[in-house]
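Secondary and tertiary structure notes
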Amino acid sequence: MTRLHLVMLATAGSAALLLGAFAFQHVGGMAPCKMCIWQRYPHVIALLIGLVALKLQSRLLILLGALSVFATGAVGVFHVGVEQEWWQGPTTCSSGPIGGKTADELLDQILTAPLVRCDEIAWEMLGISMAGWNALISFALVILWLMALRRA
């Protein structure tokens, strides 16, 4: 497989993940949480880099594409940790501790809470959440970008 083919595959992978995310949101009616949105930005960047790299064949662009999908994979891993309660997520999209709060403070926390929480799994397949799938597929895309980088 040539460098051009690998860049096309990696670019198409980011495009497919973005299309899937938008399909879940707009067709499936599943609003994304804040961290889900964070995972989309690097895919957009990788897609744009890939389109330019198809024309310019720059090793630097290929490396930047790899770094971009690595970043979204890392955010995906962090999001999985939040979903599994391995660590605390951003307080703006996760449930904070409620111990020691008054009824008024609890009511205020409920009323100011976002509609979509980052610490709840909205969908999963084979026991892996969307954030987990994003991480796994993104790391596979990193491998494609790096294979493209090694090709002459």
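Values in this document were obtained by computation on a predicted structure and should not be read as measured data. (Residues numbered from 1 in each chain as written. Predicted model: local features only at pLDDT ≥ 70, side-chain atom pairs only at ≥ 80, totals over all residues. Heavy atoms only, no water.)

Judged by nonpolar contacts, the single largest core of 17 residues is most densely connected at Val7, Ile62, Val69, Leu141, Leu144, Trp145 and Ala148. Broken down by element, the residue count for this core peaks at 6 residues, all from helix α5 (residues 130–150). (Core = buried A, V, L, I, M, F, W, Y, C linked by side-chain atoms within 4.5 Å. Buried < 20%, exposed > 50% of the residue type's maximum accessible area, 1.4 Å probe, protein only. Helix = DSSP H or I, 4+ residues; strand = E, 2+ residues; numbered from the N terminus.)

This brings us to the side chain of Gln39. Within the secondary structure, Gln39 is located in helix α2 (residues 34–56). For Gln39, a relative accessible area of 5% puts it in the buried group. Within the local environment of Gln39, its side chain forms a polar contact with the side chain of His79, the two groups lying 2.9 Å apart. Among all residues touching Gln39, those that are not within four sequence positions of it are Thr72, Val75, Gly76, His79, Ala131 and Asn134. (Polar contact = N/O pair within 3.5 Å; in protein donor to acceptor, adjacent residues only side chain to side chain. Contact = heavy atoms within 4.5 Å.)

What follows deals with α5. Counted at 1.5 Å a residue, the expected span for α5 with its 21 residues is 30 Å, and the 30 Å between its end C-alpha atoms agrees. Residues of α5 that are buried: Ala131, Gly132, Asn134, Ala135, Ser138, Leu141, Val142, Leu144, Trp145, Ala148 and Leu149. Check the buried side of α5 and you find it contacts α1 (3–26), α2, α3 (59–83) and β2 (128–129). (Expected span 1.5 Å × (residues − 1).)

Any link to function would need more than the numbers given here.
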